[in-house]
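Report on the structure
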Amino acid sequence: MTQTQAQGGTAVTEREPLLEIDNLSVTFKHRRSQTRAVDGVSYSVDPGEIVGVVGESGSGKSVTVLALMGLLPARGVEVTGQVRYKGQDLLSMGDRAMAKLRGSEIAMVFQDPISSLNPVVPIGVQVAEVLLTHTKTTKKAAMAESVDLLRRCGIPDPERRLKEYPHQLSGGMRQRALIAMALACKPKLLICDEPTTALDVTIQAQVLELLKELVTDSGTAMIMITHDLGVVAGLCDHVNVMYSGRIVESAPRQELFAHPRHRYTHGLLASIPRLDLPRGEPLQPIPGTPRDTITWSKACAFAPRCRHATDECVRPDIPLEPLPDSPPDHPVRCVHPAEVTHG
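Residues numbered from 1 in each chain as written. Predicted model: local features only at pLDDT ≥ 70, side-chain atom pairs only at ≥ 80, totals over all residues. Heavy atoms only, no water.

Quick look at the overall build of the protein chain
The helix and strand tally for the protein chain stands at 11 helices and 14 strands. Taken over the C-alpha atoms alone, the protein chain extends approximately 65 × 60 × 55 Å along its principal axes. Across the 343 residues of the protein chain, 45% fall into the buried class. Considering only contacts within the protein chain whose residues lie at least 6 apart along the sequence, 61% involve residues at least 24 apart. Taken as a whole, the protein chain presents about 18,000 Å² of accessible surface, with 51% of it coming from carbon and sulfur. Of note, the protein chain has its 37 positive side-chain charges centred 8 Å away from the centre of its 39 negative side-chain charges. (Helix = DSSP H or I, 4+ residues; strand = E, 2+ residues; numbered from the N terminus. Buried < 20%, exposed > 50% of the residue type's maximum accessible area, 1.4 Å probe, protein only. Contact = heavy atoms within 4.5 Å. Areas by Shrake-Rupley, 256 points an atom, 1.4 Å probe, with all protein chains shown as cover. Lys, Arg positive; Asp, Glu negative; His and termini not counted. Charge placed at Lys NZ, Arg CZ, Asp CG, Glu CD.)

Looking at the pairing of strand β10 (residues 221-226)
The buried fraction of β10 amounts to six of the six residues, a majority that puts the element mostly inside the structure. Side-chain alternation along β10 places Ala 221, Ile 223 and Ile 225 on one buried face and Met 222, Met 224 and Thr 226 on a second face that is also buried. By the bridge criterion, five bridges tie strand β5 (residues 50-54) to β10 in an arrangement that is parallel. Each residue of the ladder has a partner; that of Ile 50, found in β10, is Met 222. (Pairing = 2+ DSSP bridges.)

A few points about the pattern of salt bridges
Evaluation of the coordinates by the stated rule reveals 13 salt bridges. A salt bridge links Arg 161 to Glu 164; its shortest N-O distance comes to 2.8 Å. You can call Arg 161 buried: its relative accessible area is 13%. One network of salt bridges, with partners in common, ties together Asp 157, Arg 160, Arg 161 and Glu 164. (Salt bridge = Lys/Arg side-chain N within 4 Å of Asp/Glu carboxyl O.)

Topic: the pairing of strand β6 (residues 77-85)
On any regular strand, side chains alternate: one points to one face of the sheet, the next to the other face. Judged from the eight bridges that link them, strand β3 (residues 19-29) and β6 form a sheet pairing that is antiparallel. Residue pairing across strands places Asp 22 opposite Gln 82, the latter belonging to β6. Judged from the two bridges that link them, β6 and strand β7 (residues 88-89) form a sheet pairing that is antiparallel. Paired with Arg 84 across the bridge in β7 is Asp 89. In this antiparallel pair of consecutive strands, β6 and β7, the connection spans two residues, and Lys 86 shows a positive phi of 55°.

With respect to the packing of aromatic side chains
One pass over the full model with this rule turns up three aromatic pairs. An aromatic cluster of three or more residues is present, and its members are Tyr 243, Tyr 264 and Phe 302. Looking at Arg 333, its charged tip hangs above the ring of Trp 296, at a distance of 5.7 Å from the centre. (Phe/Tyr/Trp six-rings, centres within 6.5 Å; stacked < 30°, edge-to-face > 60°. Lys NZ or Arg CZ within 6 Å of the ring centre and 35° of its normal.)

What about the nonpolar core?
Counting 63 residues, the largest nonpolar core has Ile 179, Leu 190, Met 222, Met 224, Leu 235 and Tyr 264 as the members making the most contacts within it. Leave out the neighbours within four places in its chain, and Met 222 touches Val 45, Glu 49, Ile 50, Val 51, Leu 189, Leu 190, Cys 192, Val 215 and Leu 235. Grouped together as the second largest cluster of nonpolar side chains are 34 residues, Leu 18, Ile 21, Tyr 85 and Ala 221 included. (Core = buried A, V, L, I, M, F, W, Y, C linked by side-chain atoms within 4.5 Å.)

A look at unusual backbone geometry
Comment: phi is negative for the bulk of residues other than glycine, and the bulk of peptide bonds are trans. At Lys 86, a residue that is not glycine, the phi angle is positive and equals roughly 55°. Checked against the element boundaries, Lys 86 lands in the loop between β6 and β7. With a phi angle near 55°, Lys 186 is a residue other than glycine that sits in the positive phi range. Of note, Lys 186 is situated in the loop between α7 (171-183) and β9 (189-193).

Thoughts on the sheet that holds β7
The antiparallel open sheet is built from four strands, whose spatial order is β4-β3-β6-β7. If you trace the sheet from one side to the other, it starts and ends with β4 (34-45) and β7, each paired once. Together, β3, β4 and β6 form the strand contacts of helix α1 (residues 61-68), whose direction differs from that of β3 by roughly 105°. (Axes fitted to C-alpha atoms, helices over the stretch in contact; angles between N-to-C directions.)

See the structure below:
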């Protein structure tokens, strides 16, 4: 716990981050080659804060949280760095201690509910199992609590749904059931890995509003992993933009949308249809694909797709740091950043 000196000499206590990811790297090793999926990622999450992690598929967003949750395969994967939760390093934690932490204090909502739920076990039993595993309660009390959880998550007639199987629920209801399971033990940190990707727009908005309400009511911190900047705009407090395993820009939500500096972030925002532009205005897609990359140890990975790339971009030491004309909480990893726009 740190202290700073306020005006008048009064000591003001600052909160410690709930989660600190420090120089995390994940390497998948094959017989003759290896792939660095996450390359020196660092960010933190404060209590009650919603942090967004944005990027295209393959940028390392999901692998980062799978590593901190201890859900990566034991063989063929090398994980280095530190992940501290309440000051305790998760990467050095034993399997039994980590299993006790998962579900009780750190919970995760996965992308595809149909593959995350057991198809041959009723929904109620699956929700109650979380409570029975992590709390001292009876089966009867756990089922009663499961009904309440399903009701809070917006599932109609929860007493009946409790006895149904995953295939009998719609996609939106299955996702709500997953959220109910994640929130069963009132976790301090909720990780959402693209929880609305498989849902239509209407249900997506309902699920996001539900998550926002539940997090606000309980004070739970949240990591929202998504490729949808619209989700970030309506939900997150702080945003980390990832590309090819590294964070290329990090900023508070309003600052990021008002003044995107990295060319990749600028390209993501420019490729979104906008209502304030004239009808028929063409979109500006980012050229190439995420596979068009250069290893970070040799150059800026985004250089092959960047319209502003020069020979200066082909160098290994491009740090993530604030620019002279940007706030200190807005670091960028770019040699030729976009200019600050006003108005």
